[in-house]
Structure formats: structure tokens, C-alpha cells
2 protein chains.
Amino acid sequence: MADLGFFLKNVLVVSLAMNLGLIWKISHDGEKTLTSKWKWGDMLHFHGCCFNDQKNNRVEEEELLVSKRTEEILETTSSPAAAPEDWESVVINLDHGDPTMYENFWKQKGDQETTVVTSSWQHISYFSDVKNVCWFLEPGLVSAIARLHKVVGNAVTEGRHIVVGTGSSQLYQAALYALSPPNGSGPMNVVSAAPFYSSYPLMTDYLKSGLHKWAGDAYEFNKQEPYIELVTSPNNPDGFTRQDVVKGDKGILIHDLAYYWPQYTPILVPADYDIMLFTASKSTGHAGSRIGWAIVKDREIAKKMTTFIEINTIGVSKDSQIRAAKILQAVSDSCGQENQKGAETFFDYSYKLMAERWKKIREAVNKTELFSLPSFPPETCSFSGRTFGQLPAFAWLKCEGEVDDCESFLRRHKILTRGGKHFGAEHEICEDQHVESRERV
Amino acid sequence: MADLGFFLKNVLVVSLAMNLGLIWKISHDGEKTLTSKWKWGDMLHFHGCCFNDQKNNRVEEEELLVSKRTEEILETTSSPAAAPEDWESVVINLDHGDPTMYENFWKQKGDQETTVVTSSWQHISYFSDVKNVCWFLEPGLVSAIARLHKVVGNAVTEGRHIVVGTGSSQLYQAALYALSPPNGSGPMNVVSAAPFYSSYPLMTDYLKSGLHKWAGDAYEFNKQEPYIELVTSPNNPDGFTRQDVVKGDKGILIHDLAYYWPQYTPILVPADYDIMLFTASKSTGHAGSRIGWAIVKDREIAKKMTTFIEINTIGVSKDSQIRAAKILQAVSDSCGQENQKGAETFFDYSYKLMAERWKKIREAVNKTELFSLPSFPPETCSFSGRTFGQLPAFAWLKCEGEVDDCESFLRRHKILTRGGKHFGAEHEICEDQHVESRERV
């Protein structure tokens, strides 16, 4: 028991912000919290690497609040600006994020280039291109996706099939449907190396499907059965680059590459996996449009994924597809010869923003020995030429000191976070995997 | 066996067009068909009550083709205009529909009133209104939905919760999730009176859920177990007004009211059921936007439906919600004092269009004794004051003559339709229910 206590103390972890999958907690469990959060007339959400917002002075207010609340454990370097009088009553919710952090970039863009005008008679049909495997995929979005991946060099699209989804969550479920045999002897095992994105278990099991079931940490999977391994790279929640880990020959891989963009990680090679998932929410910050896309090698898999989306939602909003196409084209334009004015590119802007935030949180955390953050070895980005370590959209904070339960500790100071157990980390600890776990973290 | 043959001959039925649920058949099974269908450079789809399209001369071409193909069984009153030279190679696909029939109305509308302009920085967030049970529902859409139902008088919204979905298909699945106990002794039975919308069985069972299972024709359900009964009114495919039919006390009802609008049926009373589903696809013809809404009495059910959509797609496209809000407001405007120019209202336009099509198809069918169509008793619409019988968006055609298999018969003439078996009608026949079935049809 003493040993277990030691492990718990050392590897309990907290993911700060940008955890999108447990959003329902907010509206259902946390209404009281929201009430107090909303009293400022604006949402005090932290995003990016757990601090900032649309308004810079609010960022600083939040940083001050974190500092005060944790009795200078998490001190920041910023000064408060127009601090509200009743700090003590404010709850800071870092349990989820909202990628509005790029809003200022988009505000600076010329309207002509990125504004979408839609008349009431346009895009009425269910169909976009019935010759395409994905018949509800707008041709303009196909071009925009292929061009942007080519410009950035982060994924191969030539000769691949693209399937559009209502966000990448729907595409994850579509991939499970496509990869699970309809008449298998039992549900297909679905695994991912811990710590894994906290929504994957729920998305896999919420309908108690007979096609697939969540089978936990990929490091611990050793059944001689077919399985699907989900590889999230860079990983949510810890930010590290990932490869598949199961040593089996019956596996099929899904690569969730939502964060494989040059503001979050050095781009090394164009990814070229069987099924790759991307989303506008993370690449350009347009979460409200609910547009994701899968790049799929096998035509039959792409067809089955399309079938899932047909049954699930009979296609994907055309209004959002057309808007996303325009946004992605604008990002490509800003990176190429079309950018004749030499304006700041989207990826320059977003990289600098992420780098600045990580600098701040590292400075704050370094002032105490109670917490630590992952360190990422620098590599050179083939897109930007910059050499840097990962800049994840969330911070995977580890308690190093006397605090046994970091989530509860911060909650007492009215800072809401999501503890490691939601990401499969607790299980590892119970299994005495903490050394391996720490190495991975 | 002789009796069974007699039944089959008499009650095999075909639904023409507007069958949205089996769209995947087109892209997957029917690619060869599509190739030939698309050779005219435009899709030859029939919609509304199985004839017409955006271009009037194409409507007439299609009508001629039906006539020629079925050897004047289905004769039309129209003359061909600019008939293509190789009629014989064209496949007419009536197996599905696409509600572009209102496109001309929307083209006539002033741009200012209904055009949506979206800048790249708008609607970026996941959130719309975190104080609402459905936190991703745009407040503008709530107002537009409530106002339109008030104007038309087809549903009560006061004191109800509205949940937005990516089309009403997603809301159907959300309702099943919300109504099925997570820890029940077995999957919840889901039934609907035959003939039922052909996609319901698939939407219920495609993930082999342990929460719910399709249990077939509601008329035949007699288990002493909990069940969900789906009441579609007016019904897809036959167009009739419906009530629940199971005589049990363990049932929960979902009302699919997609067609309860005054262009399809006389509005009699504001519907006031526990869970009511509507969709923009059928009400205004904006299928490409994928916007549906549920009106829900019970707050806990609305919360669980919201949870389903959170897990499934983390909300619903804001771009489409905002567009749908503008469209619905424009429809309300056209019906009220805002319509100062006395322009034709949306419901006048769409009613006249449907009435004209039904007049044509009835004239064609009346020229032969091989087929019959349902007849609908006239009633007075509380919205328009008109007295009329149902004008469904599809035709439920019955073979009365020597043709044993109407679907195969028409397919030999290169007219693709969907036979009664897809709607649960075949099962009734095998069970010797044909008299009851005919009465219902």
C-alpha cells in the first residue's frame, strides 16, 4: 500500500484545457459552475496551452487568478489588468477548451478573401458529387484539403479517398464501423496507448455496440484477437509524437492527426497511413463549423465510412463545407505566392501564439517544485524551417510534490481540470506501470 | 401457396422518389446506374410526388420516358420538349428523392432577406448558449423555430425544450439513446406501424446496439416488454395521418412530424407530443444544410438527446443553424404582416406545386387499371383555410393487375423504385395481413 501511495503521488496528472470530449460535463454536471463562470458576461475559458482568450487583458486576469488560487504554486509573470473585485467567487474551468484563440488572426484577414455569401437557393440538395465515393463531399473542399496538405507537407493525399465528417468525432466512429466486421464472432477490440484522449472510450462504447468495444491501454493489450489501434499523434493529452505500440499481427490502425500542424509540432514527413483523421477545429480553429476529414487509402473502407455517415446524418452540412473550403484556401494562399503583401501567414501567427503561451506556463511552473510539464526534444519543421519542441494545445501537468490528487487539489482552489484517470493513466498506476508511464510522459 | 400468390400480386407496392434513407444504395450498389443517369450532365431525379425537377422541360422529358418505358401504362399528359435521342439508355431513378423542388421559390426571394454573409472569424466556438440544455443550439434558431410553429399552428413549443440535430436522422438516434435505459435487461424494442420509413430499421440496428433493437411492425408487437413506438405522421411512405397503434402500457412515443406542414397535409391542430421531430429538408427544402430539430417536453430527455449529439458530433454546424434561422424567419415573414407586397407565400407556392404534381400523377395512373394510388379524405387546413387531401412528397403505388412484382416490372423498363418489402409491407403479406394492410393503405 505504501508503494501504491508513492506511485499515486508521483504520477497523478492533470490535463489543462482543450479537452473537448467531456464537454457534456459542463452543461450537465456543471451548471452551477457555469453560472459563476458566466457572471463576467463572457466565458473565462482557457485554451491553447491553458491560458489566454480573445481578450488579452482577460488572459492576464486569469493568470493572476491561477496564481492567487494556488497560493503562488502556479505563479505567472503577468500583472493583473482591471482585476475584478470578487476573484474568490470565480471558477476557472480548464476542464475543456474552445479554439477561439485564432479569432484575432481571422479578424485581421480581408473580408473579401474569406467571407462566405450564401443565397437561400444554394446548396439545397443532399448531393455534392455522386461520382465520388463520398457523394456528399463538396468538390471545392476536396481541392482545398489536398492543396493545404501539399503546401504544409503533413499528409499524402494523391491517390487517396477523402471522406468528410461532422467533425472528426463522427469520422472516428465511421472508421470503427468500417473496420469492424458486421458478422464477427464478437465486438472488435479498440485500443490506444495511455494516456489517451478521454473521449475515445465513450465514443466507442456509448451505444453498447456489438461491432466494437473499448479494450483500454494498447500497451496492455495482449489478446490473440483482431483489434483496432488508435494512434493519436501528436497525442491528446500529453502532446508527444506517437507510433503504434501493439505487437500483434491482427491489428488495423487509425491515425488521429488532428494536431499534426506546424503550430503544434514540427512537421517531419508527409504522413502516409491507411486512415488519417484531421479537423478544422484544430487546424484553423473553426470548431463551430463541425468539419473534419479522413484521408483513406482503401476505397472499400472509404465507402463504408461514407455509409456510416449516410445512416448517421445523411451527409455533412454543405454550408460548413463550403466555408471550410474557403478558409483552407485562404490559409494556403497566405503561405504561397498569393501572399504578395508579405502578410503574416496563419501558421506564423498560430505558432507564435502557442510558443508564447508555452513560454509563460513553463515560467510559472518552474517557480515551484510541486508540478512539472513534459519536455519535448526540438526538431526541425520541414514546413517552417524552425527548430522547436511540441507546443500542444493542452498542458499535461504532473504533480511532483506532496499533493496526492492534483485534480482535487486544484478544484479546492476553484480551478477545474481533468485528472489522469480520465485518460487511462490511473489504470497504469494501479498496474505498477508508473516508470514506463513516466518515460512516456 | 395459391393464396399467398394472390396476396403478393395484390398488395405489392412501390414507393416513388423522396426515399432518403437508402441513398447509400445509389453510391454503392448503383454506380453503373449513376453513370448513365449523369450522362445528360444533370441529374434526372424525380422528387416531390415522383415527377419534376428544377428545369420544367426536363420534367416533361421524364414523364414521356415513364410513359414510353411502361408501354403507356403510366401515361402522362405532357408532351416532350427537346427529347434526347437515346431515351432507351436512360435510367430513371425514383428510388430516392432530393427536395430541390422549392429552389425556384428561393431564387425569386430578394437576396437581402435570405442571404447569409459569414466572415471567417464568426461562429468559431463550439458553444452557442451554455445556459441552454442544448448548449450548441443557436439562440436565433430557437426564435425562428418557435415563431414558425406559432405562425403555422402545427406544433406547441411554449415551455418545451428544443434540441438541434444534424438532420432529423441524428435526432431519431438521439431519441433512441435518450429513451433506452443504459442498464436495461436487454435492448429496448423499437416498432413502427407498417408500412414504415425504410431507413428506421437500419438506423436502429446498424451498430448492433445493446440499447435498442428494431422489433418491426407495431401492429404485430405484443410482447409484455418496454418499447418505443415511432409514429410518423403524415407517414413515409404512404402519406396517411397516423396515431400510435400498440395497445400496451409500457411504451414511449417518438413522433416524426417531418411532413406535418401545410404543403403536404391539412394542418388540424398544433401537435403536442412528448418528442416531436422536424427537419428543414422537408419543411423548406434545405436538405444540404442538414438541420433538424426536436421539440421535447421532458428536460431530462432533452439533456440525454443533447448528450448523444455531443458524443456523436460535438454539436451541429453553426453555419447551417444560422442559415436555417434566416430561412425560417423568411418563411414566417412571408406569411405575416411583413409581407406588405402581398407576394406569394412559401406555403402557397409549395402547396400549389404539390397539388399540381398529384393532379398529373393521378391522371396518368387513372389511365390504366394496373396501378392505384392511395386516396386521402379532404380536410380543412387551419393554416391556409383550404380543404384538401394529403399531398405526400412521394407516391405509394400499388399494383392491381397481373404484375406480381411491381419493382422488378418497372426495373425492366429502367425505372428504379423501392418495393414494399423495404417498408415492412412484405412481412405483412406473409402474415396474411393484406386486408388490414390494404385498409391502411
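Predicted model only: the values in this text are computed from it and were never measured.

Rules used in this analysis
- Residues numbered from 1 in each chain as written.
- Chains lettered and ligands numbered in written order.
- Predicted model: local features only at pLDDT ≥ 70, side-chain atom pairs only at ≥ 80, totals over all residues.
- Heavy atoms only, no water.
- Helix = DSSP H or I, 4+ residues; strand = E, 2+ residues; numbered from the N terminus.
- Buried < 20%, exposed > 50% of the residue type's maximum accessible area, 1.4 Å probe, protein only.
- Areas by Shrake-Rupley, 256 points an atom, 1.4 Å probe, with all protein chains shown as cover.
- Phe/Tyr/Trp six-rings, centres within 6.5 Å; stacked < 30°, edge-to-face > 60°.
- Pairing = 2+ DSSP bridges.
- Axes fitted to C-alpha atoms, helices over the stretch in contact; angles between N-to-C directions.
- Contact = heavy atoms within 4.5 Å.
- Buried area = accessible area lost by both parts, 1.4 Å probe.
- Salt bridge = Lys/Arg side-chain N within 4 Å of Asp/Glu carboxyl O.
- Nonpolar A, V, L, I, M, F, W, Y, C, P; charged D, E, K, R; others polar.
- Least-squares fit on C-alpha atoms with pLDDT ≥ 70 in both.
- Polar contact = N/O pair within 3.5 Å; in protein donor to acceptor, adjacent residues only side chain to side chain.
- Expected span 1.5 Å × (residues − 1).
- Parallel < 35°, antiparallel > 145°, perpendicular 65-115°, else oblique.
- Left-handed = near helix turned anticlockwise from the far one by under 90°.

1. Section: the overall build of chain A
So, point 1. Across its full length, chain A holds 16 helices and 16 strands.
So, point 2. Per-residue burial over chain A gives 64% buried out of 441 residues.
So, point 3. Summed over its atoms, the accessible surface of chain A is roughly 15900 Å², and 50% of this surface lies on carbon and sulfur atoms.

2. Some thoughts on the packing of aromatic side chains
Residues and elements named next belong to chain A.
So, point 1. What the rule picks out here adds up to 50 aromatic pairs over all chains.
So, point 2. Centre to centre, the rings of Tyr 177 and Phe 308 are 5.6 Å apart; their planes meet at 55°, and the pair counts as tilted. On the criterion of sequence distance, the pair formed by Tyr 177 in helix α8 (residues 167–179) and Phe 308 in helix α11 (residues 299–313) is long-range, its members being 131 residues apart.
So, point 3. Among the residues examined, Phe 308 registers a relative accessible area of 1% and is labelled buried.
So, point 4. Seen in terms of ring centroids, Phe 240 and Phe 376 are 4.8 Å apart; in terms of plane orientation they differ by 50°. Their pairing is tilted.

3. Re the sheet that holds strand β9 (residues 275–279) of chain A
Residues and elements named next belong to chain A.
So, point 1. Taking strand neighbours across the sheet as the criterion, the seven strands line up as β4-β10-β9-β8-β7-β5-β6 in an open arrangement whose pairing is mixed. The strands lining the two open edges of the sheet, one partner per strand, are β4 (161–166) and β6 (212–217). Neighbouring strand axes in the sheet, compared pairwise and without regard to direction, differ in orientation by 25° on average.
So, point 2. As paired elements, strand β5 (residues 188–192) and β6 share four bridges and run parallel to each other. Looking across to β6, one finds that Val 190 is bridged to Trp 214.
So, point 3. Against the sheet, helix α7 (residues 139–152) makes contact with β4, β9 and β10 (291–296), and its axis sits at roughly 70° relative to β10, the strand it touches most.
So, point 4. The sheet strands contacting α8 are β4, β5, β6, β7 (227–232), β8 (251–256), β9 and β10, and the helix crosses β4 at an angle near 120°.

4. Section: the interface of chain A and chain B
So, point 1. Contacts between the two partners involve 80 residues from chain A and, on the opposite side, 79 residues from chain B.
So, point 2. Together chain A and chain B conceal approximately 6800 Å² of surface at their shared face, both sides included; 60% is due to carbon and sulfur atoms.
So, point 3. For chain A, the biggest contributors to the area lost against chain B are Ile 124, Tyr 126 and Ile 311 of chain A; these three give 11% of the whole.
So, point 4. There are two salt bridges connecting chain A and chain B.
So, point 5. A salt bridge links Asp 319 of chain B to Arg 323 of chain A; the nearest nitrogen and oxygen atoms lie 2.8 Å apart.
So, point 6. Ranked by residues supplied to the side of chain A that touches chain B, first place goes to α11 of chain A with nine residues.
So, point 7. The class makeup of the residues in the side of chain A that touches chain B is 32 nonpolar, 33 polar and 15 charged.
So, point 8. Two strands pair when backbone bridges link them, and strand β3 (residues 116–118) of chain A and strand β3 (residues 116–118) of chain B are joined in this way by three bridges, in the antiparallel orientation. Within β3 of chain B, the position partnered with Val 116 of chain A by the bridge is Thr 118 of chain B.

5. Looking at the relation of the copies chain A and chain B
So, point 1. When chain A is fitted to chain B, the residual RMSD is 0.0 Å, and the transformation amounts to a turn of 180° plus an axial shift of 0.0 Å. What the superposition gives is, in effect, a two-fold axis relating one chain to the other.
So, point 2. Both copies contact each other with a shared surface, as 99% of the interface residues of chain A are interface residues in chain B too.

6. A word on the pattern of salt bridges
So, point 1. In this structure the tally under the stated criterion is 24 salt bridges over all chains.
So, point 2. In this structure, Asp 348 of chain A and Arg 386 of chain A form a salt bridge, with 2.9 Å as the shortest nitrogen-oxygen distance. One end of the pair, Asp 348 of chain A, is in helix α13 (residues 346–366); the other, Arg 386 of chain A, is in the loop between β12 (379–380) and β13 (387–388), with 38 residues separating them in the sequence.
So, point 3. A relative accessible area of 24% places Arg 386 of chain A in the partly exposed class.
So, point 4. Put simply, Lys 359 of chain B and Glu 363 of chain B hold a salt bridge, and the shortest N to O gap is 3.3 Å. Of the two residues, Lys 359 of chain B and Glu 363 of chain B both sit in helix α13 (residues 346–366), four residues apart, roughly one turn of that helix.
So, point 5. A relative accessible area of 55% means that Lys 359 of chain B is categorised as exposed.
So, point 6. The partly exposed category is assigned to Glu 363 of chain B, whose relative accessible area is 30%.

7. Details of the side chain of Thr 204 of chain A
All names here are of chain A.
So, point 1. One can find Thr 204 in helix α9 (residues 200–205).
So, point 2. A polar atom in the side chain of Thr 204 sits 2.6 Å from the backbone oxygen of Tyr 200.
So, point 3. Apart from the residues lying within four places of it in its own chain, the contact partners of Thr 204 are Tyr 172, Leu 176, Val 190, His 212, Lys 213 and Trp 214.

8. Some thoughts on the environment of Val 142 of chain A
So, point 1. Considering the arrangement of structural elements, one finds Val 142 of chain A in helix α7.
So, point 2. Once you skip the residues sitting within four places of it in the chain, Val 142 of chain A turns out to touch Asn 132, Leu 137 and Ile 162 of chain A.

9. Looking at helix α11 (residues 299–313) of chain B
All names here are of chain B.
So, point 1. End to end, α11 covers 21 Å across 15 residues, agreeing with the expected 21 Å (1.5 Å per residue, within 8%).
So, point 2. Among the residues of α11, those classed as buried are Ile 301, Ala 302, Lys 303, Met 305, Thr 306, Thr 307, Phe 308, Ile 309, Glu 310, Ile 311, Asn 312 and Thr 313.
So, point 3. The opening residue of α11 is Asp 298, an N-cap whose side-chain oxygen sits 2.9 Å from the backbone nitrogen of Glu 300.
So, point 4. Immediately downstream of α11, the backbone of Ile 314 shows phi near 45°, a positive value.

10. Points about the packing of helix α12 (residues 318–335) of chain A against helix α12 (residues 318–335) of chain B
For any two helices packed against each other, one specifies the inter-axial angle together with the distance between the axes.
So, point 1. It is the contact of α12 of chain A with α12 of chain B, at a shortest axis distance of 7 Å, that shows an interaxial angle of 125°. For the element pair α12 of chain A / α12 of chain B, the angle class is oblique. Here α12 of chain A and α12 of chain B pass one another in a crossing that is right-handed. Side by side, α12 of chain A and α12 of chain B meet where Asp 319, Ser 320 and Arg 323 of chain A of the first sit next to Asp 319, Ser 320 and Arg 323 of chain B of the second.
So, point 2. The class makeup of the residues in the contact of α12 of chain A with α12 of chain B is no nonpolar, two polar and four charged.

11. Quick look at the pairing of β8 of chain A
All names here are of chain A.
So, point 1. Sheet topology note: the β7/β8 ladder contains six bridges and is parallel. In the sheet register, Ile 228 faces β8, and the bridge partner there is Ile 252.
So, point 2. Where β8 lies against β9, two bridges are found, and the strand directions are parallel. From the neighbouring strand, His 255 faces β9, where its bridge partner is Met 276.

12. Topic: helix α8 (residues 167–179) of chain B
So, point 1. Counted at 1.5 Å a residue, the expected span for α8 of chain B with its 13 residues is 18 Å, and the 19 Å between its end C-alpha atoms agrees.
So, point 2. Among the 13 residues in α8 of chain B, 13 count as buried, and that is most of the element.

13. Focus: the environment of His 123 of chain A
Residue and element names in this part refer to chain A.
So, point 1. Within the secondary structure, His 123 is located in the loop between β3 and α7.
So, point 2. On the basis of relative accessibility, which here comes to 23%, the residue His 123 falls in the partly exposed class.
So, point 3. On a C-alpha basis, the gap between His 123 and Lys 318 in space is 6.3 Å, while along the polypeptide they are 195 residues apart.

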